[in-house]
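# What the coordinates show
Spelled out from the first residue to the last, the chains are:
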Amino acid sequence: MIQENLALSLRIFFLIILQIVVFNNLNFFGIANPCFYMLYIILHRFNYKQINFMLTSFFIGLILDILTQTAGSFTLSTLIISFIRPVIINFSFGIHSDQISILSMNIRFKNKLTFILIIVFIHQFIMSFVEYFNFQMFYTILKYTLINTIFTSIILIGSLSFFNKK
Amino acid sequence: MQRIINTLIRFKNFLVFILLFFLSVSFSYNRSFYHRIKIDKIGVIFSGLLYTPYHSLSSYLNLIPINKKLIDENKNLKSIILNNLNSSQESSNDLFKITSANVIKNSYIKSRNFIILDKGENDGIKRDMSVISLDGIIGIINETSKNYSNVISILNIDMKINVKLKKSNAFGSLEWKKYDPTIMELSDISTVNNVKIGDTIVTGGMSFYFPQNIFIGVVKNYKKIDDTGFYSIQVKLNSNMTNLTHAYIIENINQQELNKLNNSYK
């Protein structure tokens, strides 16, 4: 149990460090910064206690907000996405949703892609929305959301295939 | 009891989510000035919507006394017009534009009281305009939405108003010390001046908010503070802040110009 928690903390630590040092400074097209730390939300075990998962996601968001001087956009988006993740799992995997993790699943690539795209899109939308917090800038928010969704999904799928090969 | 606990356990995920959600929102609120303004604005819109039905009912029931007040006011205004026509001096009131509004929500029991009016940006109301009633002053506009505005009441412990004694023109600042919505405290009046119970207090006009010489109240009690050379004066307000229904919002037409001048010397 202790070992498991330690491994989890280490993973979170490395994800946050990577996000801040590397991925927040990529600036594709001047605006797109992929959210690599979402690997945690996607890879995390499906049968883990929901409360613990929400708490850890909340703290990841809070730490990122504090370190990147943003006004709560990471916290709100990771919190909401961790709350609605079970619904998205049921939606994208159907009868296979009782499995432990996305890695151990022997399932068509289409389902995995749906899962990742939905999670990343909702997450990015909430994040851009909190950042701008203005309905009059809806098209700007949508533009940022789409560009960031594309880049984040590409990077997440790439790293997933890396894990799979291992 | 067991049932309540069972329900709580069943919805524990949702409850924790709501708790964390409010934590995140308060984090945003405290971290960024922009988000704070936006969230405040949502608050003003909601409280405006919430209090409008209540206000429409109570204002219908209060129509008779309000009509009487309006007639009184018209009488006063007429007398002012006549006085102005007869005097050769130019009136300073031409600098101010007046908008009337209904009070939708009024509080006077907290230490920081706010009032909500049913006029907003659509009616040309902006931040920092002053608000008066028929028989005294009410406060200063703090926040506006499209159709509503939020006023910092003079019954707010953070508020200080520039006033003067009408008789001796001695300036001081008026503030509220909580507890009684009819009494305020006037300080910074030097003991060089002569003060009597019953003396009239009017607005000073040194801040750009209120026009000068609006009647506020009378001296109820006063004492000299030892070793300071200043009076501590209790002022009985002329207006009754607990049953406000109408308010008049004053726009100083030269406000921008005055602010510009004021800022250029900072």
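Presented here is a report on the structure given in the accompanying data block.

## Remarks on the overall build of chain B
From N to C terminus, chain B includes 5 helices and 12 strands. Here chain B holds 266 residues, and 25% of them are scored as buried.

## A look at the overall build of chain A
Per the secondary structure count, chain A includes 6 helices and 0 strands. Starting at the N terminus, the α and β elements of chain A follow one another as α-α-α-α-α-α. Counting across all 166 residues of chain A, residues that qualify as buried make up 33%. The long-range share in chain A, meaning contacts at least 24 apart out of those at least 6 apart in sequence, stands at 64%.

## Observations concerning the sheet that holds strand β9 (residues 200-203) of chain B
Residue and element names in this part refer to chain B. The sheet built from 6 strands closes into a barrel, its strands ordered β6-β7-β8-β11-β10-β9 with antiparallel pairing. Between one strand axis and the next, the sheet turns through 40 degrees on average, direction left out of account. Here strand β10 (residues 215-224) runs beside strand β11 (residues 230-237); their pairing, made up of 7 bridges, is antiparallel. The partner of N221 across the bridge, within β11, is Q234.

## Brief notes about the interface of chain A and chain B
With 12 residues of chain A in contact, the opposing surface of chain B contributes 13 residues. Of all the secondary-structure elements, those providing two or more residues to the side of chain A that touches chain B are α3 (50-68) and α4 (73-93) of chain A. Across the side of chain A that touches chain B, the residue classes break down as 9 nonpolar, 3 polar and no charged.

## With respect to the environment of S56(B)
Mapped onto the fold, S56(B) is located in helix α3 (residues 33-61). The spatial distance from the C-alpha of S56(B) to the C-alpha of I104(B) is 8.6 Å, given a sequence separation of 48 residues.

## Description of the packing of α4(A) against helix α2 (residues 12-31) of chain B
When two helices pack together, their arrangement is given by the angle between their axes and by how far apart the axes lie. Where α4(A) contacts α2(B), the axes come no closer than 9 Å and their chain directions differ by 165 degrees. In terms of orientation, α4(A) lies roughly antiparallel with respect to α2(B). Remark: the crossing between α4(A) and α2(B) carries left-handed chirality. Between α4(A) and α2(B), the contacting residues are T75(A), L76(A), L79(A) and F83(A) on the first element and F17(B), L20(B), F21(B), S24(B) and F27(B) on the second. Each residue belonging to the contact of α4(A) with α2(B) can be placed in one class, and the counts come to 7 nonpolar, 2 polar and no charged.

## Examining the nonpolar core
Of all hydrophobic cores here, the largest spans 41 residues; its most connected members are L117(B), V131(B), I138(B), V235(B), A247(B) and I249(B). Counting contributing residues per domain, this core is built from domain 2 (59-157 + 242-264) and domain 3 (161-240) of chain B, each supplying no fewer than three. Leaving out residues up to four positions away in the same chain, I138(B) has contacts with I115(B), V131(B), I132(B), S133(B), V151(B), S153(B), I154(B), L244(B) and A247(B). Counting residues in each nonpolar core, the second largest holds 33 residues, with M38(A), Y40(A), I80(A) and I102(A) among its members.

## A few points about α3(A)
Look at α3(A): 27 Å from first C-alpha to last across 19 residues, which is about the 27 Å you get at 1.5 Å a residue. Residues of α3(A) that are buried: F53(A), M54(A), S57(A), F58(A), I60(A), G61(A), L64(A) and D65(A). Within α3(A), the buried residues cover an arc of 160 degrees as seen down the axis, which keeps them to one side. The elements touched by buried residues of α3(A) are α1 (2-21), α2 (38-43) and α4 of chain A together with α2 of chain B. One or two steps after α3(A), the chain reaches Q69(A), where phi turns positive at roughly 60 degrees.

## Things to note about helix α5 (residues 109-132) of chain A
In an α-helix there are 3.6 residues to a turn, and that puts residues three or four apart on one side. Residues and elements named next belong to chain A. Counted at 1.5 Å a residue, the expected span for α5 with its 24 residues is 34 Å, and the 34 Å between its end C-alpha atoms agrees. Here α5 has its buried residues at F115, I116, I119, V120, H123, Q124, I126, M127, S128, F129, V130 and E131. Remark: F133 follows α5 within two positions and exhibits a positive phi of approximately 50 degrees.

Scoring rules and cut-offs
Residue indices begin from 1 for each chain and proceed along its sequence in written order. For this description, chains carry letters from A and ligands carry numbers from 1, given in the order in which they are written. For a predicted model such as this one, the threshold for reporting local features is a pLDDT of at least 70, and the threshold for listing and counting side-chain atom pairs is 80 or more; totals across whole chains, interfaces and linings nevertheless cover every residue. Where helices and strands are cited, they refer to DSSP runs of H or I of at least four residues and of E of at least two residues respectively, numbered from the N terminus. Three classes are used. A residue is buried when 20 or more other C-beta atoms lie within 10 Å of its own, exposed when 12 or fewer do, and partly exposed in between, with C-beta atoms placed from the backbone. Throughout, a residue-residue contact means that the two C-beta atoms, derived from backbone geometry, are no farther apart than 7 Å. For two strands to count as paired, DSSP must find a minimum of two bridges between them. Axis geometry follows a simple rule: fit a line to the C-alpha atoms, using only the stretch in contact for helices, then measure angles between N-to-C directions, giving values from 0 to 180 degrees. Residues were grouped as follows: Ala, Val, Leu, Ile, Met, Phe, Trp, Tyr, Cys and Pro as nonpolar; Asp, Glu, Lys and Arg as charged; and all remaining residues, including Gly, as polar. Angular relationships are summarised with four words: roughly parallel below 35 degrees, roughly antiparallel beyond 145, roughly perpendicular across 65 to 115, and oblique for the angles in between. What makes a crossing left-handed is the near helix being turned counterclockwise from the far one by less than a right angle; a clockwise turn instead makes it right-handed. Any set of buried Ala, Val, Leu, Ile, Met, Phe, Trp, Tyr and Cys residues joined through C-beta atoms within 7 Å is what this text calls a nonpolar core. All the domain ranges listed were derived from an automatic or database domain assignment. The span expected for a helix works out to 1.5 Å for each residue beyond the first. The arc in question is traced by the directions running from the helix axis to the C-beta atoms.

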